[in-house]
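Structural characterization, general
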Amino acid sequence: MKSELRRTHHCGELSTAQIGETVTLCGWVHTRRDHGGLIFVDLWDKEGLTQVVLNPQIDQLAHQNAQSLRGNYVISVRGQVRARPEGMVNPKLNTGQIEVYIDDLHILNTSKTPPFSGWEDQEVSEALRLRYRYLDLRSEQLQKNLKQRYRISKVARNVLDRHGFTEVETPMLTKSTPEGARDYLVPSRVNPQKFYALPQSPQLFKQILMVAGLDRYFQIVKCFRDEDLRQDRQPEFTQIDVELSFADEATIFRLVEEMMAEIYQEVLGITLETPFPVIRYQDAIDRFGSDKPDLRFGMEIVDLGDVVQGTNFKVFAEVLASGGQVRALNVKNSAEALSRKMLDDLTEIARTYGAKGMAWIKIQKDELQSPITKFFEKEMLDRLIDRMGGEVGDTIVFIADTPKVVADALAHLRLALGHQLKRVDTSQHRLAWITDFPLLEYDEEAGRYAAMHHPFTAPAGDDLGKMTSDPGALTARAYDLVLNGNEIAGGSIRIHQRDVQNRMFELLGIGAEEADEKFGFLLEALEFGAPPHGGIAFGLDRIAMLLAGADSIRDVIAFPKTQKATCLMTQAPSTVDLKQLRELKLKFDLS
RNA sequence: GGGGUCGUAGUUCAGUUGGUUAGAACGCUGGCCUGUCACGCCAGAGGUCGCGAGUUCGAGUCUCGUCGGCCCCGCCA
């Protein structure tokens with residue numbers, strides 16, 4: 001190996017302990033300060049910065065070479081570590097006690113002036129950052145995020161390994177199946193007119209691995225869903241995918257709690273309390289309006305249906321008459337903070353989720369300030385405020401609508417208020433299980449039931465009779481793990497008996513023939529001694545995002561896509577040669 | 001599919017009721033400088049105002065369209 005590449009230390013680990021030693025450092029020129037006689041270079045690598053000094057009295061040639069150095073040049077330097085002179089210590093640098101006097105300098109590569117520097121705090125548009133992702137990834141924050149993400153998956157792997165899990169890879173080129181998200185399709189050259197689909201998750205394969213007797217499987221794996229992007233959604237994302245045989249919810253919960261606790265301990269040094277609280281789906285909806293409640297603050301929803309029964313206020317009366325709900329939040333001690341403008345903005349939020357409006361009452365010292373109190377008798381108002389626990393200074397916000405709109409609107413109002421009024425304790429990490437989901441939800445558009453989780457989720461109670469008599473009332477053995485209002489994992493106990501699975505497909509309006517065509521391999525596998533099994537899948541990107549305190553999932557993915565699912569660095573997706581299309585026997589419909 | 005928001009030197013931004021040669025800071029280039037660390041001082045270069053139409057004597061500014069980034073609704077079993 002060339003001597004200039006025989007790196008002895010990283011930039012960032014040198015301290016007074018190495019004083020007197022001759023060291024070799026490799027890295028990028030972060031800043032260069034040329035004093036004519038003396039040249040200072042801050043040398044950067046992933047571990048930090050070291051100031052190196054080029055003094056013509058130490059080495060004439062090195063000093064001369066250093067004059068051509070520019071920002072981002074890649075260099076190797078050799079020299080002696082010395083204590084900085086009196087008063088020249090830089091407390092802002094970890095290595096600020098020392099500097100290295102260079103006697104040998106090699107320019108390993110030059111660099112164009114970059115459009116921006118990852119090392120500076122300056123705000124740069126996200127488009128430019130994505131185009132030059134390799135520059136952005138030099139930033140301390142992104143380097144930290146990627147390293148932390150790696151540690152999360154490493155701890156997860158360790159915990160699962162300790163519990164007898166085997167990591168098994170499953171196909172990326174697989175079969176398109178109905179239900180769920182839109183598939184990414186891959187044409188097959190040797191089978192013209194036929195397509196693979198990239199997996200939305202390894203769901204069916206992991207169940208079949210249970211039939212195969214693997215007993216405990218996991219995989220840290222990319223999944224693909226061709227749906228619109230969000231702050232926390234990318235078209236390709238990573239799951240920690242887990243499946244166990246001969247296990248029930250309790251086994252899985254304890255395993256996951258151990259894993260999450262260990263991740264928090266190892267990565268953030270935070271001790272989590274286990275077991276995590278369990279909230280039933282319907283309770284979560286009633287209390288928070290959401291199946292992924294943020295438990296870092298209170299402000300729970302209160303039902304007022306019985307209190308306002310018989311009111312003259314037409315809006316409430318009509319909603320109740322048509323089977324709707326009237327529910328409200330008591331925003332404690334907010335009457336002063338909530339301006340008219342803020343209430344208008346909150347009303348807009350409520351409208352986003354389908355509400356026609358948002359009523360409110362401010363409880364002032366001597367009066368109730370509100371656009372709606374004039375419609376109420378005093379006695380009803382007293383009962384209403386009593387039910388809400390209303391005190392002077394509180395604001396009560398109401399939504400009256402269908403149960404779904406009431407829940408959605410109040411859930412988002414609660415979050416907006418929680419953040420705007422700083423009621424969310426952001427130092428907390430509140431995890432909870434959400435259980436007892438409905439098995440099915442009615443799809444108005446399709447005019448049939450659809451699986452709320454997925455079609456392989458076992459119904460609670462093993463009640464086959466009920467599956468036909470009242471499918472809407474069935475509960476699923478499904479569970480989500482929620483962290484600070486984010487769904488970070490979801491899973492279920494699966495159906496392991498062919499006849500139950502058949503019944504499930506019937507309920508979903510999938511005929512025997514279609515089921516056989518799409519899922520025949522699974523149905524068949526269930527007939528060959530499928531053990532009871534269940535599992536869970538974690539969204540690694542989201543966990544990494546939350547633990548990093550990042551605003552977007554993009555900040556924990558090395559090469560993320562834009563909202564239009566493009567990669568600004570590679571320019572993917574792109575057109576392809578006609579030749580490639582011909583080989584695939586594909587042609588565009590130009591109509 | 002829909003709503004919102006942003007787009008002006010390499011970068012971040014300013015740019016008045018539509019009016020002369022579109023500015024600043026940082027960065028960049030050259031020169032000077034032996035204790036700087038956001039080095040300093042002097043000089044300089046750098047613009048398809050995202051793109052395309054339109055209105056106007058005249059458009060960075062107004063109108064329409066379009067492209068792109070971000071946030072949201074729908075969608076995401």
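These figures come from a predicted structure and were not determined experimentally. (Residues numbered from 1 in each chain as written. Chains lettered and ligands numbered in written order. Predicted model: local features only at pLDDT ≥ 70, side-chain atom pairs only at ≥ 80, totals over all residues. Heavy atoms only, no water.)

**Here's the deal with the side chain of R414**
What counts, and what does not: Per the convention used, a helix needs a DSSP run of H or I reaching at least four residues, while a strand needs a run of E reaching at least two, with both numbered from the N terminus. Working definition: with a 1.4 Å probe on protein chains only, accessible area under 20% of the residue-type maximum means buried, over 50% means exposed, and in between means partly exposed. Note on charges: Lys and Arg go in the positive column, Asp and Glu in the negative column, and His and the chain ends are not counted at all. Within this document, salt bridges are pairs made up of a side-chain nitrogen of Lys or Arg and a carboxyl oxygen of Asp or Glu, the two lying within 4 Å of each other. N or O atoms within 3.5 Å of each other form a polar contact, as long as, within protein, one can give a hydrogen and the other can take it, and as long as residues adjacent in sequence are counted only when both atoms are side-chain atoms. Contact criterion: two residues are considered in contact whenever any of their non-hydrogen atoms come within 4.5 Å of each other.
Tracing the backbone through its elements, the reader meets R414 in helix α11 (residues 403-420). Although R414 lies buried, it forms no salt bridge, and the closest oppositely charged side chain, D294, sits 6.0 Å away as judged by the N-O distance. Among the polar contacts listed, one links the side chain of R414 to the backbone oxygen of G298, at a separation of 2.9 Å. Within the structure, the side chain of R414 is placed 3.3 Å from the backbone oxygen of M299, a separation counted as a polar contact. When residues no more than four places from it in sequence are discounted, the contact partners of R414 are F288, D294, F297, G298, M299 and L329.

**Let's talk about helix α4 (residues 140-162)**
As a reminder of what qualifies: One less than the number of residues in a helix, times 1.5 Å, gives the span that helix is expected to have.
Between its terminal C-alpha atoms α4 stretches 33 Å, which fits the 33 Å expected from 23 residues at 1.5 Å a residue. Residues L142, Q143, N145, Q148, R149, I152, S153, V155, A156, V159 and L160 constitute the buried set of α4. One or two steps after α4, the chain reaches G164, where phi turns positive at roughly 85°.

**Looking at the protein's contact with RNA strand B**
Note the cut-off: Neighbouring residues are identified by heavy atoms, a residue being near a molecule or strand if any of them is within 4 Å of it. Each residue receives one of three labels: charged for Asp, Glu, Lys and Arg, nonpolar for Ala, Val, Leu, Ile, Met, Phe, Trp, Tyr, Cys and Pro, and polar for the others, Gly being one of them.
The full set close to RNA strand B counts 50 residues, and M88, Y101, D228, M452 and H453 are the nearest of them. The sugar-phosphate share of atoms of RNA strand B within 4 Å of the protein amounts to 54%. A distance of 2.4 Å separates a sugar or linking oxygen of RNA strand B from a polar backbone atom of M452. Only β1 (22-34), β2 (39-45), β5 (98-109) and α2 (126-131) provide two or more residues apiece to the surface near RNA strand B. Grouping the constituent residues of the surface near RNA strand B by class yields 15 nonpolar, 19 polar and 16 charged.

**Description of the sheet that holds β1**
What counts is decided by this rule: Strands are labelled as partners when DSSP assigns at least two bridges between them. For every element, the axis is a line fit to its C-alpha atoms; helices are fit only across the contacting stretch, and the angle between N-to-C directions ranges from 0 to 180 degrees.
As summarised here, the arrangement of the 5 strands in space is β1-β2-β3-β5-β4, forming a closed barrel in which the pairing is mixed. Across the sheet, the mean angle separating the axes of adjacent strands is 55° when strand polarity is ignored. Relative to β2, β1 runs antiparallel, the two being bridged by 6 bridges. Bridging across to β2, W28 finds its partner in W44.

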